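Given next are the chains, with one letter for each unit.
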Amino acid sequence: MAGIKWNKAFALEQTAGDEELLQELLTLFRNSSADDYTRLQQAVANNDAEMVVRSAHSLKGASASLGMEGIRWLASDMEEDGRRNSVAVARENLATMGDLLEQLKNL
């Protein structure tokens, strides 16, 4: 199973070292990423490349701001493929993304 590859030091830099703020941001990301993942699942089911792009882009940006490289890399691959009017990468990696997002519960 792939890992989140979380750079916590980077995330703390983004919050000026404020651990409490970081925890709040993690909670917000857990919630928003669950919604994005649901949309990603729907996009794959409906063969909707545009929705893959939007959902993956959202996951990519939020994960990048928190230093979660594993999620960012995968979301970026999904987004790029979606921009080519394909859902193949999202379809092939949907379970992996679900596993990565599940790992957020342990942070």
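Higher on the page you've got the structure.
As the structure is a computational prediction, the values presented were derived from the model and not from experiment.

**A short note on a nonpolar patch on the surface**
On the surface, Leu21, Leu25 and Leu28 cluster together into a nonpolar patch covering about 240 Å² of accessible area. In this structure, Leu25 sits in helix H2 (residues 19–45).

**With respect to the nonpolar core**
Residues Leu40, Met68, Ile71, Met78 and Met97 are the most contacted members of the largest nonpolar core, which totals 29 residues. Counting residues per element, the ones that place at least two in this core are helix H1 (8–14), H2, helix H3 (49–65), helix H4 (69–83) and helix H5 (88–103). Considering each element in turn, this core owes the most residues, seven residues, to H2. What Met68 contacts, discounting residues up to four positions off in sequence, is Ile4, Lys5, Trp6, Leu26, Phe29, Ser63, Leu104 and Leu107.

**Brief notes about H2**
Across its 27 residues, H2 extends 38 Å between first and last C-alpha, which sits within 8% of the 39 Å expected from 1.5 Å per residue. By the burial criterion, the buried members of H2 are Leu22, Leu26, Phe29, Ser33, Asp36, Tyr37, Leu40, Ala43 and Val44. Looking at the packing, one finds that the buried side of H2 touches H1, H3, H4 and H5. Of the residues flanking the start of H2, the one acting as N-cap is Asp18, its side-chain oxygen 3.1 Å from the backbone nitrogen of Glu20. Asn47 sits one or two positions beyond H2 and adopts a positive phi of about 55°.

**Remarks on the side chain of Thr15**
Examined against the element boundaries, Thr15 turns out to sit in the loop between H1 and H2. Only 3.1 Å separates the side chain of Thr15 from the backbone oxygen of Leu12, close enough to count as a polar contact. Once residues within four sequence positions are removed from consideration, Thr15 is found in contact with Leu21, Leu22 and Leu25.

**What about the pattern of salt bridges?**
Charged atoms that come close allow side chains of opposite charge to pair. Evaluated as defined, the whole model comprises eight salt bridges. We note a salt bridge from Glu19 to Lys8, for which the minimum N-O separation is 3.9 Å. You can see Glu19 sitting in helix H2 and its partner Lys8 sitting in helix H1, a full 11 residues away along the chain. Measuring nitrogen to oxygen at the nearest pair gives 3.0 Å for the salt bridge that ties Glu102 to Lys105.

Rules and cut-offs
Numbering of residues starts from 1 in each chain and follows the order in which that chain's sequence is written. Only residues with pLDDT of at least 70 are given local features in this predicted model, and only at 80 or more are side-chain atom pairs given and counted; all residues enter the totals for whole chains, interfaces and linings. Side-chain metrics in this entry use all non-hydrogen atoms of the structure; hydrogen atoms and water are not considered. Within this analysis, patches are made of residues with over 30% relative accessible area and no salt bridge. Like charges are joined at 9 Å or less; nonpolar side chains (Val, Leu, Ile, Met, Phe, Trp, Tyr) at 5 Å or less. For the accessible areas, the method is Shrake-Rupley and the probe is 1.4 Å, while residue cover comes only from the protein chains on display. By salt bridge we mean one thing: a side-chain nitrogen of Lys or Arg within 4 Å of a carboxyl oxygen of Asp or Glu. Secondary structure elements follow DSSP: runs of H or I of four or more residues count as helices, runs of E of two or more count as strands, with numbering from the N terminus. Take the buried residues of types Ala, Val, Leu, Ile, Met, Phe, Trp, Tyr and Cys, join any two whose side-chain atoms come within 4.5 Å, and each joined set is a nonpolar core. Note on classification: 1.4 Å probe, protein chains only; a residue is buried when its accessible area is under 20% of the maximum for its type, exposed when over 50%, partly exposed between these limits. Note on contacts: a residue pair is in contact if any heavy atoms of the two residues lie within 4.5 Å. By definition here, a helix of n residues has an expected span of 1.5 Å times n minus one. Nitrogen and oxygen atoms within 3.5 Å of one another constitute a polar contact, given that in protein one can donate a hydrogen and the other can accept it, and given that sequence-neighbouring residues count only through two side-chain atoms.

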